[in-house]
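Survey of secondary and tertiary structure
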Amino acid sequence: MVLHDLVAALSRATAVTGAWAPAVLFFATFVEHVFPPFPGDLLVVLGAWYAVQGELSWPLTFACAGLGAIAGGWVDHRIGAWLGRRLGARAAGSRLLSPSQLAAFEAAYRRHGAWLLLANRFLPGVRAFIFVAAGAAGVPAGRTVLLGGISALVWNALLLAAGALLAHSADDLVGLVDRYAAVAGGAVALGL
């Protein structure tokens, strides 16, 4: 019932914002990266539904949702870079984290982190931390944003496709994404 109420509230908000709805999607995907509990995917799903129904421009919806995710990922990367410098300075005198452990993490992330960045949009609950870890590991910002952007664009294209091909209503589409998030979240928890 709560999900249905949220869908109704977001549907009203989308209707009220009209031409500004794509900017709301940019903001939602941006905030979702910086403050992970924010339900950015739910707003993108509704944006996808309205785009498929012709109430919003789907290219603009697609672009704004992707650019918001890219901007949020860049902010997370910068936070990670700042944290990485602080961790590096503190590792020398720390009993919990040695300089060799930190160097091993950085090397492993630089070697395998590209796959995490490419998969980030498909990993609910941890996607923001993937960008923070990339910044902390010293992965260049351009590479991080490129790989994260590819992931965001593929994810948003799938949401638009689901809205066009699988759902008969906004509630159907939200239900599909909600089930996906539950399964993917369980897989992430199991993997951890």
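Values in this document were obtained by computation on a predicted structure and should not be read as measured data.

Here we come to the overall build of the chain. Along its length, the chain carries eight helices and zero strands. Element order for the chain, N to C, with α for helix and β for strand: α-α-α-α-α-α-α-α. Long-range contacts, defined here as pairs at least 24 residues apart, represent 75% of the contacts in the chain between residues at least 6 apart. By element, 72% of the accessible surface of the chain is carried by carbon and sulfur atoms, the whole surface being about 10,100 Å².

The next subject is the nonpolar core. Within the largest apolar cluster, 15 residues are counted, with the highest numbers of intra-cluster contacts made by Val45, Leu56, Leu159 and Val174. Elements with a minimum of two residues in this core: helix H3 (40-52), helix H7 (141-165) and helix H8 (170-191).

Along an α-helix, residues three or four positions apart point the same way, because every turn accommodates 3.6 residues. For helix H6 (residues 127-136), a buried count of eight out of ten residues is recorded, marking the element as mostly surrounded by other parts of the structure. Along H6, the positions that sit buried rather than exposed are Arg127, Ala128, Ile130, Phe131, Ala133, Ala134, Gly135 and Ala136.

Here we come to the side chain of His33. Turning to its location among the elements, His33 is positioned in helix H2 (residues 21-34). Those residues in contact with His33 that sit more than four places away from it in its chain are Ala69, Gly72, Gly73, Asp76, Asn120, Arg121, Arg127, Ala128 and Phe131.

Further remarks concern the confidence of the model for the chain. Per-residue confidence for the chain averages 79 on the pLDDT scale, and 78% of its residues sit at or above 70. Per-element confidence in the chain is highest for H6, whose mean pLDDT is 89, and lowest for helix H1 (residues 2-17), whose mean pLDDT is 63.

Right, let's get into H2. With 14 residues, H2 should reach 20 Å at 1.5 Å per residue; the first-to-last C-alpha distance of 20 Å fits that figure. Ala21, Pro22, Leu25, Ala28, Thr29, Val31, Glu32 and His33 are the residues of H2 that are buried.

Axis separation between helix H5 (residues 99-119) and H6 bottoms out at 9 Å; the angle between their running directions is 140 degrees. Between H5 and H6 lies a crossing whose hand is left-handed. Between H5, through Phe105, Glu106, Tyr109, Leu116 and Leu117, and H6, the contact on the second element is made entirely by Ile130, Phe131, Ala133, Ala134 and Ala136. Counted by class, the contact of H5 with H6 contains nine nonpolar, no polar and one charged residues.

For Val132, the position within the fold is in helix H6. Put simply, Val132 and Gly84 are 48 residues apart on the chain and 9.0 Å apart in space, counted from C-alpha to C-alpha. Beyond its immediate chain neighbours, meaning those up to four positions away, Val132 contacts Asp76, Gly80 and Leu83.

Time to look at the packing of aromatic side chains. Taken as a whole and judged by the stated rule, the model has two aromatic pairs. Taking the centre distance of 6.4 Å and the plane angle of 5 degrees together, the rings of Phe26 and Phe30 count as stacked. Within this pair, Phe26 and its partner Phe30 are both found in helix H2, separated by four residues, close to a single helical turn. The partly exposed category is assigned to Phe26, whose relative accessible area is 33%. Between the aromatic rings of Phe122 and Trp155, the centroid separation amounts to 5.2 Å while the plane-to-plane angle is 85 degrees, which identifies the pairing as edge-to-face. Of the two residues, Phe122 sits in the loop between H5 and H6 while Trp155 sits in helix H7, which places them 33 residues apart along the sequence.

Cut-offs applied
Residues numbered from 1 in each chain as written. Predicted model: local features only at pLDDT ≥ 70, side-chain atom pairs only at ≥ 80, totals over all residues. Heavy atoms only, no water. Helix = DSSP H or I, 4+ residues; strand = E, 2+ residues; numbered from the N terminus. Contact = heavy atoms within 4.5 Å. Areas by Shrake-Rupley, 256 points an atom, 1.4 Å probe, with all protein chains shown as cover. Core = buried A, V, L, I, M, F, W, Y, C linked by side-chain atoms within 4.5 Å. Buried < 20%, exposed > 50% of the residue type's maximum accessible area, 1.4 Å probe, protein only. pLDDT = per-residue confidence, 0-100. Expected span 1.5 Å × (residues − 1). Axes fitted to C-alpha atoms, helices over the stretch in contact; angles between N-to-C directions. Left-handed = near helix turned anticlockwise from the far one by under 90°. Nonpolar A, V, L, I, M, F, W, Y, C, P; charged D, E, K, R; others polar. Phe/Tyr/Trp six-rings, centres within 6.5 Å; stacked < 30°, edge-to-face > 60°.

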